[in-house]
Amino acid sequence: MKKILLCFLMCLCSFQAFALKIVASVNDEIITDVDVADRQALLNGLFQLKSSFNETLDSLIEEKVKLLSAQKLKISVTPEQIEEGIAYLERQNGFDKGQLLAIMREKKLSENALVSQIKADISWVSAVGQLLPEQPKISNQKVANTRKKMKQDLMQERYLLAEIFIPFDNDEQAAFNQAQSLFDRIVAGESFTELAVKYSKGKTAAMMGDLGWVKTDELDKSIGEVLLHMQAGQLSKPIKGKKGYYVILMRDFQPALESDEQEVWQVSQFVTTKEAYPYIKDSLNQASSSCMLFTKYASDNGVEGSHSGAMPEMVVSRLPNELKDLLIDKPVGEMVGPIDMGPYAVFVMKCGVRTTSILPDNETIKQQLFMQEMEKKSQELLKQERKKMLVKKK
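Residues numbered from 1 in each chain as written. Predicted model: local features only at pLDDT ≥ 70, side-chain atom pairs only at ≥ 80, totals over all residues. Heavy atoms only, no water.

## A closer look at the environment of Gly333
Part 1: Here Gly333 lies in the loop between helix H13 (321-327) and strand E10 (335-341).
Part 2: Residue classification places Gly333 among the partly exposed residues on the basis of a relative accessible area of 24%.
Part 3: In this structure Gly333 touches Ser288, Cys291, Met349 and Lys350, once residues within four positions along its chain are discounted. (Helix = DSSP H or I, 4+ residues; strand = E, 2+ residues; numbered from the N terminus. Buried < 20%, exposed > 50% of the residue type's maximum accessible area, 1.4 Å probe, protein only. Contact = heavy atoms within 4.5 Å.)

## Focus: the layout of surface pockets
Part 1: Its boundaries defined by the atoms lining it, the largest pocket holds a volume of some 840 Å³.
Part 2: Looking at the lining of the largest pocket, the elements with two or more residues in it are helix H2 (33-47), helix H3 (53-72), helix H4 (79-92) and helix H6 (111-131). (1 Å grid on protein atoms, 1.4 Å probe; cavity = no way out; pocket = protein on both sides within 12 Å on 5 of 7 lines; lining within 4 Å. Points joined across faces, edges and corners; volume = space filled by probe spheres on them.)

## Brief notes about the packing of aromatic side chains
Part 1: Following the criterion strictly, the structure yields 7 aromatic pairs and no others.
Part 2: Arranged with centres 4.8 Å apart and planes meeting at 40°, the rings of Phe165 and Tyr246 form a pair that is tilted. Residue Phe165 is found in strand E3 (residues 158-167), and its partner Tyr246 is found in strand E6 (residues 244-254); the two are separated by 81 residues along the sequence.
Part 3: Looking at Phe165, the relative accessible area reads 12%, which means it is buried.
Part 4: Residues Phe270 and Tyr297 carry aromatic rings whose centres are separated by 5.4 Å and whose planes lie at 70° to one another, so their mutual orientation is edge-to-face. With Phe270 in strand E7 (residues 261-273) and Tyr297 in helix H12 (residues 291-301), this pair connects stretches of sequence that are 27 residues apart.
Part 5: Through successive ring pairs, a cluster of aromatic residues spans Phe270, Tyr277, Tyr297 and Phe347.
Part 6: Sitting over the face of the ring of Trp265, Lys350 holds its NZ or CZ atom 4.5 Å from the ring centroid. (Phe/Tyr/Trp six-rings, centres within 6.5 Å; stacked < 30°, edge-to-face > 60°. Lys NZ or Arg CZ within 6 Å of the ring centre and 35° of its normal.)

## Focus: the environment of Val65
Part 1: Structurally, Val65 can be placed in helix H3.
Part 2: Leaving out residues up to four positions away in the same chain, Val65 has contacts with Val26, Leu382, Glu385, Arg386 and Met389.

## A look at the sheet that holds E3
Part 1: Strands sit in the order E4-E3-E6-E5 across an open sheet of 4 strands; the sheet is antiparallel. Of all strands in the sheet, those with a lone pairing partner are strand E4 (210-214) and strand E5 (239-240), marking the two edges.
Part 2: Pairing of E3 with E6 involves 10 bridges; the strand directions are antiparallel. The residue of E6 that forms the bridge with Ile166 is Tyr245. (Pairing = 2+ DSSP bridges.)

## Quick look at the state of the cysteines
Part 1: If you walk through the whole model with that rule in mind, you get 1 disulfide.
Part 2: Covalently, Cys291 is tied to Cys351 through a disulfide, its sulfur atoms 2.5 Å apart. Across the S-S bond of Cys291 and Cys351 the torsion is about -105°, and the bridge reads as left-handed. Of this pair, Cys291 sits in helix H12 while Cys351 is found in strand E11 (residues 344-357), placing the two residues 60 residues apart along the sequence. (Disulfide = S-S within 2.5 Å.)

## Considering the nonpolar core
Part 1: Within the largest apolar cluster, 25 residues are counted, with the highest numbers of intra-cluster contacts made by Val26, Ile31, Val36, Leu57, Ile61, Val65 and Trp124.
Part 2: Elements with a minimum of two residues in this core: strand E1 (22-26), H3, H6 and helix H14 (362-387). (Core = buried A, V, L, I, M, F, W, Y, C linked by side-chain atoms within 4.5 Å.)

## Considering the pairing of E6
Part 1: Within E6, 8 of the 11 residues are buried, leaving the element largely enclosed by the surrounding structure.
Part 2: Two elements, E5 and E6, share 2 bridges in a ladder whose sense is antiparallel. By the bridge assignment, Ile239 is partnered in E6 with Tyr246.
Part 3: Hairpin geometry of E5 and E6 is characterised by an intervening segment of 3 residues between the two adjacent antiparallel strands.

## Things to note about the pairing of E1
Part 1: Burial within E1 is extensive, with 4 of its 5 residues counted as buried.
Part 2: Bridge count between E1 and strand E2 (residues 29-32): 4 bridges; the pairing is antiparallel. Residue Ile22 lies in a different strand from E2, and its bridge partner there is Thr32.
Part 3: Between E1 and E2, which follow one another and run antiparallel, lie 2 residues, and Asn27 among them has a positive phi close to 55°.
Part 4: For E1 and strand E12 (residues 391-393), the ladder comprises 3 bridges, and the chain directions are antiparallel. Directly across from Val26, in E12, lies its bridge partner Val391.

## Considering H4
Part 1: Helix length check: H4, at 14 residues, gives a terminal C-alpha distance of 20 Å against a target of 20 Å (1.5 Å per residue), a fit within 8%.
Part 2: Those residues of H4 lying buried are Ile82, Gly85, Ile86, Ala87 and Glu90.
Part 3: For H4, the secondary structure elements touched by its buried residues are helix H5 (99-106) and H6.
Part 4: A positive backbone phi angle near 75° is found at Gly94, which sits one or two residues after H4. (Expected span 1.5 Å × (residues − 1).)

If you want it as structure tokens, here you go:
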């Protein structure tokens, strides 16, 4: 019986060794194809981010370098730090407390893949503190120049865009035909983001084509000219650029501001289901007698994950017209709703109005510049540490 059991265990180990393929190593630390697949699934399952095999492998190699560098400096990460790292990710991505791990378990995503990434990032921050000879110094003049540039940027229109880019590749007509085909498929109802991930050859493909907020002077001139005639939510026909064709989705638009001094609103919202509304109507009406009661009621009773309660301050000139029109003539403390949002009923209340500069203060700008400089130094150190190690891709 013992011989049979031993034989079975040896076969099982042999099978596992055969099933796992080593794709890279950093010193004596290995990275397998399963590690790469787990990380890809994590990015896609939690954040809808697509990452190629090589991109994911490179990020895992970086993590190994960070961890090994920290180990040399006898830096360790506590379970409490891991928990705080998870909580930080939840706050940054709009998850409720505990929701991130719950989603991972539901989707059967690897918790080890997440913990490994958090551990590498936390330990590397400590390592940089020890490896860096001195911290960057940010002058008052640099802060003033940055603030001036921020103010100038406010005076320009901004666009929230996504792109699909098809390069010419020595056949301009073929590139146009493919771009036109993708345009037609999106108009017919296919997902822009899925097609961007699958077909776009731009740097943004892994991020579902997302360009973020941009100004026209940051784009190909031909795109800027088309944007002038588009509205939020519109899709462009193929646009010929210097190196290929673009299909552009304008997700949102912010007009140029005349000043950094702007009216801002403090708004609270409550989201409930249409089915539940008749049963809570009376208690909601009682809570709507003041902003404080409404905000607390919304926080306690809103649909999970709906961000019911107090919302971040909103710049009035940059609000969607639908929301601005709803609240512009309403006094502070008056509830508006129900607003029909598919299966949900939404209620909003304007709880505060003030005029203020929407630029960050000098101390905040200084901190932002410091973090940018630290990130540069961190990347330089990471390259140096990697050169000290034996990195192999199989």
